[in-house]
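# Breakdown of the fold
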Protein chains: 2
Amino acid sequence: MEKYDIVIIGAGPAGLMLSTCLARWGYKIKHIDNRSEPTPTGRADGIQPRSLDLLRNMGLKRQIMAHEPAKVYEVAFWDPGTKGIHRTGTWASCPKFIDARYPFTTLLHQGLIERVFIEDIEKHGVKIKRPWTITEFNNNGKDPVYPVEVSLAHVDGTLKETLRAKYLFSGEGARSFVRDQLGVKIHHKDPIAHVWGVMDGVVRTDFPDIKMKCTIHSDAGSIMVIPRENNMVRLYIQIASSTDEDWNPRKTATTEEVQSHAQEIMRPYHIEWDRVEWYSVYPIGQGIAERYTLDERIFMGGDVCHTHSPKAGQGMNTAFLDAVNLAWKIHHVESGFASRSILSTYESERKLIAENLLEFDARYARLFSSRLPSAGEIGGANTSTASHAAEENDFVKTFKASCEFTSGYGVAYNPNSLNWSPTHPAQSPLFLHHPHGTVLRPGRILIPSTVTRVADANIVHLEQEIPLNGSFRLYIFCGNPALTARAVSDLSAHLSAPRCFYSRFAHKDKNADRYHEPHNPHNRFVTLCTILAAPRASIEIQELLPRVLAEYGGHVYADDVWDARVPEAKAAAHAKMGLNEQRGGVVVVRPDGYVGCVVQLVEGHGTGEALEGYFGAFLERKRGVGVEGARL
Amino acid sequence: MEKYDIVIIGAGPAGLMLSTCLARWGYKIKHIDNRSEPTPTGRADGIQPRSLDLLRNMGLKRQIMAHEPAKVYEVAFWDPGTKGIHRTGTWASCPKFIDARYPFTTLLHQGLIERVFIEDIEKHGVKIKRPWTITEFNNNGKDPVYPVEVSLAHVDGTLKETLRAKYLFSGEGARSFVRDQLGVKIHHKDPIAHVWGVMDGVVRTDFPDIKMKCTIHSDAGSIMVIPRENNMVRLYIQIASSTDEDWNPRKTATTEEVQSHAQEIMRPYHIEWDRVEWYSVYPIGQGIAERYTLDERIFMGGDVCHTHSPKAGQGMNTAFLDAVNLAWKIHHVESGFASRSILSTYESERKLIAENLLEFDARYARLFSSRLPSAGEIGGANTSTASHAAEENDFVKTFKASCEFTSGYGVAYNPNSLNWSPTHPAQSPLFLHHPHGTVLRPGRILIPSTVTRVADANIVHLEQEIPLNGSFRLYIFCGNPALTARAVSDLSAHLSAPRCFYSRFAHKDKNADRYHEPHNPHNRFVTLCTILAAPRASIEIQELLPRVLAEYGGHVYADDVWDARVPEAKAAAHAKMGLNEQRGGVVVVRPDGYVGCVVQLVEGHGTGEALEGYFGAFLERKRGVGVEGARL
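Residues numbered from 1 in each chain as written. Chains lettered and ligands numbered in written order. Predicted model: local features only at pLDDT ≥ 70, side-chain atom pairs only at ≥ 80, totals over all residues. Heavy atoms only, no water.

An unreviewed UniProt entry lists chain A under the name Phenol 2-monooxygenase, from Lepidopterella palustris CBS 459.81. Under the UniProt heading Sequence similarities (unreviewed entry), the entry covering chain A gives this text: "Belongs to the PheA/TfdB FAD monooxygenase family." (UniProt positions renumbered as here; feature names shortened; annotations may be inferred.)

Shown next as structure tokens:
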């Protein structure tokens, strides 16, 4: 029986993201999908700002952008008036109070996005088998290293295959064989279900906001307008609701009925269709899976675990983040870095996000069916208005929280072994935490900042400098190098000590030539970045930095680029992180980009010991339990 | 005998750029090259900031960047010291006083750049024939529409073809059959010739600036270091000079000799080579062709017309700009828009640039072999220093002018029919000219600015909004729309009048469906952009703008994005152009991106008449002399 690290069922966003990560990190993958081709038309299409950061971090953003997707910077609200609909306001889709590198939503057909992943997966030697399906699985433990037995079959039943794996992942979508077999229940949070019609195509219209995202309410019904690549537009139209008197989840409508309904809603404007690329009607209810895993060997993610309305464009994005969250944890366990206990944080972290998503989804529906705040009320949130803070009423708070959520920057994982808090096993007065001492928060994404790379003087985005390589990220903000030389040298001495988290996982083949290895010269567990609050021209890496840091020659930065968000700061990246520009600080970021902990940079053993404490909560005590990636 | 619009000889940068432009605009092209494959290694590799603007304007930047080229932001200078070389300073390669969208040089192997063009050409139906060569040509006028007869042959002599064409272009490189046959002489400006060695490869070294562009002088000789894609570096090393006592233009050196010489120059640092991708030795002298064309039917460009040292990385960039300059002029003559007289401006404009390039090349050589200015002296030019103006001595002026030149932004065409000046046939007090009234200068590139596109609220780069579509660009800066409504309406009335430059060239098939045509809804002669000094949310295109402007729905912009270069301005794009933020102004930009004229926006006939006067200097009086692109 052939053995794999993981079997992945389903090549939608969740399955593809997991496969891409693990293929890059060297794992042996069996990946199947029951469709004979990738998504040809329709389905999800919204990439949120946070997801675009992630795609760039994987080096896939350029391929996405090559398709010239539509970009949504603002959302327009249209309400009924005396002569048909009229615009009542516009809001930024990712307002300025969110510090986003890409403050817009990217709209592109799911099939094109999937193809970008498929090409990348194939480049790393994995070929998705189609149309294949899963017929049986069992964590029978007959082989302790490969405890899961999985049977697969061609959908026509002619071919069958049984194999063993360390893990099984279901990214099958809302109808999941794996979830059913495991007997995991779906809870329906909001009892209201809807039937949606969705239509992609090219229109001609005098409606002025056809290139914007719009929510249109009229006496004749409601529509959501979403611009697309290729001069297309998507219309979402609600066909039935379980609150209707004649509710029937099988209610449908023809293309012509939807078009004529849309025309009625959009009066006094005219809309006609040059072509329809895709049209579908589907009932959808809010649902969330009770569990994401029962045994930490068989996992589920994406639509298998949460379903909701398509309006907020969150489905694909949440699936991506589910998969990345799981990918690095499997990687760290299988590399012998982390104890198996971190696998339990997949469910606890991601289920919380799904619960938030469903609550948000219901709130979003209520928000759009009630009165809208005026431009004055939302103040800084409106891109066209100066950002002087308006008095924040509950309504505005809800709106702002929604923007954070839809942009993807609202994701905040609760404290656990990976996300430091005062209840974490590691106790040291040197941990900095919000709001005392830093604006960074464990469990939230690292704040973006722009710095100068010392080696080549390139102006770069610090948060993107370490690619999604599966390693933890240790950002050593050195402050003023003249003041912190001793502290930096003490920390470096700690990193070089044999029992340190940094040295324990050193590459086994110590004599291999790693001269050209930019991100992992010493180990695959962590990648270091050093940021000095000094002008680039004043920094001589070899003279200023201890060897362990200097060997990351391409990861030393000058914090000398002015930033409009902290106009008074001399070291803007330090300032944006809430770190002292003179004294610096150390930031640990998880492999998926979320802050783990923030520690003061001090002379002596304190900083190193605090970091040791943080990692000690979840690292393997002994070296050599696993292997560093199946093929590496 | 088959007939073509143009025969292009040579598929280097000049030939490829010309072919790409004309293929996109619908011309029938015969394109040959005498090499059997595109450039496999080596040759030119520097894309200057201005060229990157151009590539982006052609939609080719993303494909270039997909190869992950090296980016040079700074140049480091190393001089002999007591213990070997030491760094004496660094300069920004495109300092802040130059308002560049991409303030860096992009380094990528010429072959990869060529392939991007070749793919684009093939997409437009042109296939480059290889290895074919030109054997004979003659402007014999036997066919008045296709006066040029050209004979081509496979390099092995087995196949021959004779055809007729409207134009012949030689982009053959320094050794040009066409130039020789025409008897056009090369003038040698600087009598000093050099033999250069150039080596591309991967090195390991403790030299700290190996990722920067460096000029290294030592007692053992001089080197130029240029970083490349794929972790490579290029070294230029001077092997012989005609000023040497034993000068021999055939002097050469082996790979090992150059490597050991480089090691000697770079002491106290060590350098060794993992691999050498390309190594070549070639003698080069400065030369400039007397003429670029004799008859305005047979043209030459690129290295055929100018050769110089490779140090400043200008060769490919100058070739690109030669070709674009010629391409649009041929297009406008063949479309029946412009009179044949504009073809004479190809030589007058581009030969001036080549002369400047050769002068600069000689000056650059002197600059680098003499004392270097200190950081204090260059003041604002140094990226690491605040931009308070240092006292400008001659040396600093030379340096700044050099930066402008090497970035490509120093190109300034002299006044002629296309570049308005007080001596232009069009006389009106409404023409604005530097330094009175505007910072824009005819003959120079349009200044970049960032605005909000009204239709979709996207933040966009105004200078990139019209792609390289062969059309003139008319930017109507409306200032405060409440104040200028009448002026805008008067100008629009002028544009709509039948004899106006705008209406004369209207599409002939008036009933064709152009609803989805974004850039040329009315004609192919000019594309309009309207920029209002008002917040986006306040702009209702259909209500505010006359129909001729409103029909460019995707080309209406709000000038409401703050710009650090004009921090006090409320309408930053207006302010950057030197236009009154209340009153606006009209800017005509040539199809290649250079400013043609700037006119005040006033009520009445004045603005329209001034524009009419400008275009009247070179447009065909009658409609219908040519065709709008061969296939369109």
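From this point, the discussion proceeds with the structure in view.
Moving on: the overall build of chain A. Along chain A, the regular secondary structure elements total 16 helices and 26 strands. Relative to a compact globule of 632 residues, whose C-alpha radius of gyration would be 26 Å, chain A shows 25 Å and is just as compact. Once the C-alpha set of chain A is aligned to its principal axes, its extents read approximately 70 × 65 × 40 Å. Put simply, chain A has 632 residues, and 61% of those count as buried. When the accessible area of chain A is evaluated, it comes to approximately 24100 Å², of which 50% is carbon and sulfur surface. Positive and negative side-chain charges of chain A, numbering 71 and 73 respectively, have mean locations separated by a distance of 4 Å. (Helix = DSSP H or I, 4+ residues; strand = E, 2+ residues; numbered from the N terminus. Rg over C-alpha atoms; globule rule 2.2 N^0.38 Å. Buried < 20%, exposed > 50% of the residue type's maximum accessible area, 1.4 Å probe, protein only. Areas by Shrake-Rupley, 256 points an atom, 1.4 Å probe, with all protein chains shown as cover. Lys, Arg positive; Asp, Glu negative; His and termini not counted. Charge placed at Lys NZ, Arg CZ, Asp CG, Glu CD.)

What follows deals with helix α4 (residues 110-123) of chain B. Residues and elements named next belong to chain B. In a regular helix each residue adds 1.5 Å, so 14 residues correspond to 20 Å; α4 covers 20 Å between its end C-alpha atoms and thus fits that length. Where α4 is concerned, the buried positions are Q110, G111, I113, E114, V116, F117, I118, D120 and I121. Taken together, the buried residues of α4 touch α1 (13-24), β3 (46-47), α2 (49-57), α3 (61-65) and α7 (315-334). Positioned one or two residues after α4, G125 has a phi angle of 85°, which is positive. (Expected span 1.5 Å × (residues − 1). Contact = heavy atoms within 4.5 Å.)

This paragraph deals with helix α11 (residues 481-496) of chain B. All names here are of chain B. For α11, the principal kink sits at A487 and spans about 30°. Those residues of α11 that fall on the buried side of the exposure criterion are P481, T484, A487, V488, D490, L491, S492, H494 and L495. The N-capping residue of α11, defined by a side-chain oxygen 2.9 Å from the backbone nitrogen of A482, is N480. (Bend = angle between axes of the 7 residues up to and from the residue. Polar contact = N/O pair within 3.5 Å; in protein donor to acceptor, adjacent residues only side chain to side chain.)

Time to look at the sheet that holds strand β14 (residues 221-227) of chain B. Residue and element names in this part refer to chain B. Taken in spatial order, the seven strands of this open sheet run β6-β5-β13-β14-β15-β12-β16, and their pairing is mixed. Strands at the two margins of the open sheet, each flanked by one partner only, are β6 (84-92) and β16 (271-284). The mean inter-strand angle of the sheet, taken between neighbouring strand axes irrespective of direction, is 20°. As judged from the four bridges shared by strand β5 (residues 74-81) and strand β13 (residues 213-218), these two strands associate in the parallel manner. For V75, the partnering residue across the bridge sits in β13 and is K213. (Pairing = 2+ DSSP bridges. Axes fitted to C-alpha atoms, helices over the stretch in contact; angles between N-to-C directions.)

This paragraph deals with the relation of the copies chain B and chain A. Relative to chain A, chain B is turned by 180° and slid 0.0 Å along the rotation axis, the superposed coordinates differing by an RMSD of 0.0 Å. Both copies of the chain, as the preceding transformation shows, are related through a two-fold rotation axis. The C-alpha atom lying nearest the rotation axis in chain B is that of B:R62; the distance is 3.6 Å. Interface overlap between copies: 100% of the residues of chain B at the interface are likewise at the interface in chain A, consistent with a symmetric, same-surface contact. (Least-squares fit on C-alpha atoms with pLDDT ≥ 70 in both.)

Here the focus is the packing of aromatic side chains. Counting across every chain of the model gives 55 aromatic pairs over all chains. With centroids separated by 5.0 Å and ring planes inclined at 55°, the aromatic side chains of A:F505 and A:F525 adopt a geometry described as tilted. Of this pair, A:F505 sits in the loop between α12 (501-504) and β23 (526-532) while A:F525 sits in the loop between α12 and β23, and the two are 20 residues apart along the sequence. Above the ring of B:Y167, the side-chain terminus of B:R297 is found at 5.2 Å from the ring centroid. (Phe/Tyr/Trp six-rings, centres within 6.5 Å; stacked < 30°, edge-to-face > 60°. Lys NZ or Arg CZ within 6 Å of the ring centre and 35° of its normal.)

What follows covers the UniProt feature "domain: FAD-binding" (unreviewed entry) in chain A. Feature annotation in UniProt assigns "domain: FAD-binding" (unreviewed entry) to the following positions: residues 4-360 of chain A. The span residues 4-360 of chain A is 26% helix and 34% strand, and its two end C-alpha atoms sit 38 Å from each other.

With 32 residues of chain B in contact, the opposing surface of chain A contributes 32 residues. Carbon and sulfur atoms supply 45% of the area buried between chain B and chain A, which totals about 2800 Å² over both sides. Counting the contacts that link chain B with chain A gives eight salt bridges. Where chain B packs against chain A, one counts 16 residue pairs in polar contact (both at pLDDT 80 or more). For the side of chain B that touches chain A, the secondary-structure elements that each account for two or more residues are α3, β6 and β12 (194-205) of chain B. Ranked by the residues each element gives to the side of chain B that touches chain A, the list is headed by β12(B), at four residues. Per-class residue counts for the side of chain B that touches chain A are 14 nonpolar, six polar and twelve charged. (Buried area = accessible area lost by both parts, 1.4 Å probe. Salt bridge = Lys/Arg side-chain N within 4 Å of Asp/Glu carboxyl O. Nonpolar A, V, L, I, M, F, W, Y, C, P; charged D, E, K, R; others polar.)

Below, the discussion takes up the side chain of B:Q110. You can see B:Q110 is positioned in helix α4. Residues in contact with B:Q110, not counting those within four places in the same chain, are B:P13, B:T39, B:G42, B:R43, B:A44 and B:M316.

A separate point is the packing of helix α1 (residues 13-24) of chain A against helix α4 (residues 110-123) of chain A. Residues and elements named next belong to chain A. Packing of α1 against α4 brings their axes to within 9 Å, and their N-to-C directions diverge by 20°. As far as their axial angle goes, α4 and α1 are roughly parallel. Between α1 and α4 lies a crossing whose hand is left-handed. Where α1 abuts α4, its residues P13, L16, M17, S19, T20 and R24 lie against Q110, E114, F117, I118, D120 and I121. (Parallel < 35°, antiparallel > 145°, perpendicular 65-115°, else oblique. Left-handed = near helix turned anticlockwise from the far one by under 90°.)

Side chains that differ in charge, positive against negative, can pair when their charged atoms come close. As enumerated under the stated definition, the model contains 82 salt bridges over all chains in all. Close ionic contact of B:R514 with B:D509 constitutes a salt bridge, the shortest N to O distance being 2.7 Å. Owing to a relative accessible area of 43%, B:D509 belongs among the partly exposed residues under this scheme. Taken together, the shared-partner salt bridges in this structure form one network comprising A:D5, A:K166, A:E334 and A:R340.

Moving on: the packing of α1(B) against α7(B). All names here are of chain B. Axis separation between α1 and α7 bottoms out at 8 Å; the angle between their running directions is 35°. For the pair α1 and α7, the crossing hand works out as right-handed. Across the interface between the two elements, P13, A14, M17, L18, C21 and L22 from α1 touch M316, A319, F320, A323, V324, L326 and A327 from α7. Across the contact of α1 with α7, the residue classes tally to 13 nonpolar, no polar and no charged.

With that settled, the discussion passes to the pairing of β13(B). Residues in a regular strand point their side chains to alternate faces of the sheet. Residues and elements named next belong to chain B. Taking burial as the measure, the six residues of β13 include six buried ones, the bulk of the element. The alternating pattern of β13 places K213, T215 and H217 on one face and C214, I216 and S218 on the opposite face, and all of these are buried. The antiparallel pairing of β13 with β14 creates a hairpin that spans two residues between the two strands.

A few words on unusual backbone geometry. In this structure, the amide linkage connecting A:R267 to the following residue, A:P268, adopts the cis form with an omega of 10°. Within the element layout of this structure, A:P268 appears in the loop between α6 (255-265) and β16 (271-285). The linkage connecting B:R130 with the following residue, B:P131, adopts the cis geometry, with an omega of -25°. Among the structural elements, B:P131 can be located in the loop between α4 and β8 (132-139). The phi dihedral of B:N231 falls on the positive side, at around 65°, and the residue is not glycine. Position of B:N231 relative to the elements: it lies in the loop between β14 and β15 (233-241). Judged by relative accessible area, B:N231 falls into the partly exposed class, the value being 33%. The phi torsion at B:A457 lies on the positive side, around 60°, for a residue other than glycine. Structurally, the position occupied by B:A457 is in the loop between β20 (450-453) and β21 (459-461).

Residue and element names in this part refer to chain A. Reading across the sheet, the seven strands line up as β6-β5-β13-β14-β15-β12-β16 and stay open at both edges, with mixed pairing between neighbours. What marks the edges here is a single partner per strand, and that holds for β6 (84-92) and β16. Each strand axis lies, on average, 20° off the axis of its neighbour in the sheet, ignoring direction. Pairing of strand β12 (residues 193-205) with strand β15 (residues 233-241), which is carried by eight bridges, proceeds in the antiparallel orientation. Looking at β15, one finds that M199 is bridged to L235.

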